[in-house]
Amino acid sequence: MKKRIAILLSGRGSNFEALTDSVSNGRIPNAEISVVISHREGAPGIERARARGIDARVVPSKGLDRDAYDRQVVAVLQEKKIDLVCLAGYMRLLSSYFVQAFRGRILNIHPSLLPAFPGLEAQRQALEHGVKFAGCTVHFVDENLDAGPIILQATVPVRDDDTVDSLSARILAEEHRIYSEAVRIVLEGRYRVEGRRVVLLKEAEAAKSHV
Ligand code: GAR
């Protein structure tokens, strides 16, 4: 049976598109993008999903506290029998209700080498701090912001003439690459979590998928 992936997004949706392309071209085998959810009406990523014929839903957050909102999202995920939730530019903290409902089955991509520069405008933070290498991180999601066990990271050099836009573009290309790779690793169960460490396993050693 194909693994069922949900993607949650707030904006542009380029990571959603990269994951969808990887499902189509076999870089992520035996999976399907079953639903795309946003809290924002008019999020370009929702339009992009609809254009690809994917079930794309807006669950408006206005007037709801975090827990009440997440209960609605989790209800959709359960209705769609989702195996893995991928946050892709989803600019909301998850409630512990959400994290507990899908513990170990929620991934996030963040445009920095965590634990450096969590939160908003990570690329600007990196540039202003003066680091020589920036990058991106795919990690499991827990109750804290940009904080769960790290699955994959990729580095990019920071150039002296970089702007936030040029650095973000270089990081984004790596995001698209490692997010698909991490999703594949998780769906195939090719990892073991030891405390904060995610140890990657060779195919032959793969445990039964946790997802
Ligand atoms: C990406 O750079 C992603 O890493 C970042 O938002 C952007 C979304 O772009 N996420 C975060 O900062 C999460 N803390 P996209 O909508 O084109 O995928």
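See above for the structure.
Thresholds applied
- Residues numbered from 1 in each chain as written.
- Predicted model: local features only at pLDDT ≥ 70, side-chain atom pairs only at ≥ 80, totals over all residues.
- Heavy atoms only, no water.
- Buried < 20%, exposed > 50% of the residue type's maximum accessible area, 1.4 Å probe, protein only.
- Helix = DSSP H or I, 4+ residues; strand = E, 2+ residues; numbered from the N terminus.
- Pairing = 2+ DSSP bridges.
- Right-handed = clockwise from strand over helix to strand, strands pointing away.
- Core = buried A, V, L, I, M, F, W, Y, C linked by side-chain atoms within 4.5 Å.
- Contact = heavy atoms within 4.5 Å.
- Phe/Tyr/Trp six-rings, centres within 6.5 Å; stacked < 30°, edge-to-face > 60°.
- Arc of directions from axis to C-beta.
- Expected span 1.5 Å × (residues − 1).
- Salt bridge = Lys/Arg side-chain N within 4 Å of Asp/Glu carboxyl O.

A. Local environment of the pairing of strand β2 (residues 31-38). Along β2, seven of the eight residues are buried, which leaves the element largely enclosed by surrounding structure. Strand direction decides the pairing type here: strand β1 (residues 3-8) and β2, joined by six bridges, are parallel. Of the residues in β2, the one forming a bridge with Leu 8 is Ile 37. Since β1 and β2 lie parallel, the crossover through helix α1 (residues 14-25) that links them has a hand, and here it is right-handed.

B. Expanded view of the nonpolar core. Ranked by internal contacts, the top residues of the largest apolar core, which has 45 residues, are Ile 5, Ile 7, Val 36, Leu 107, Ile 151, Tyr 179 and Val 183. Here the element with the most residues in this core is helix α6 (residues 164-187); it accounts for nine residues. Apart from residues lying up to four places away in sequence, Val 36 is in contact with Ile 7, Leu 9, Phe 16, Ile 46, Ala 49, Ile 54, Asp 55, Ala 56 and Arg 57. Val 35, Ile 37, Val 73 and Val 85 belong to the second largest nonpolar core, which has 20 residues in total.

C. Examining the packing of aromatic side chains more closely. Inspection of the entire model under this criterion finds two aromatic pairs. On the basis of an interplanar angle of 65° and a centroid distance of 6.3 Å, the ring pair of Phe 98 and Phe 102 is categorised as edge-to-face. Phe 102 shares its class with Phe 98; the two are buried. Ring centres of Phe 140 and Tyr 191 lie 5.4 Å apart, and the angle between their planes is 45°; on these two criteria the pair is classed as tilted. Note that Phe 140 is positioned in strand β6 (residues 133-140) and Tyr 191 in strand β8 (residues 191-194), a separation of 51 residues in sequence. In this structure Phe 140 comes out as buried when scored by relative accessible area, which is 6%. Given a relative accessible area of 4%, Tyr 191 falls into the buried group.

D. Highlighting helix α2 (residues 44-51). Listed as buried for α2 are Gly 45, Ile 46 and Ala 49. The buried residues of α2 all sit within an arc of 100° when viewed along its axis, so they share a single face. Here the buried face of α2 lies against α1, β2 and β3 (56-58). Gly 53 sits one or two positions beyond α2 and adopts a positive phi of about 75°.

E. Expanded view of α1. If you check α1, its first and last C-alpha atoms are 16 Å apart, about what 12 residues at 1.5 Å a residue would give, namely 16 Å. For α1, every residue scored as buried is listed here: Ser 14, Asn 15, Phe 16, Ala 18, Leu 19, Thr 20, Ser 22 and Val 23. At the exit of α1 stands Gly 26, carrying a positive phi of roughly 90°.

F. Representation of the pattern of salt bridges in the model. In total, this model carries 17 salt bridges according to the counting rule given. A salt bridge links Glu 79 to Arg 57; the shortest N-O distance between them is 3.1 Å. Taken together, the residues span a long stretch of sequence, with Glu 79 in helix α3 (residues 66-79) and Arg 57 in strand β3 at a distance of 22 residues. On the basis of relative accessible area, Arg 57 is assigned to the partly exposed category, the value being 23%.

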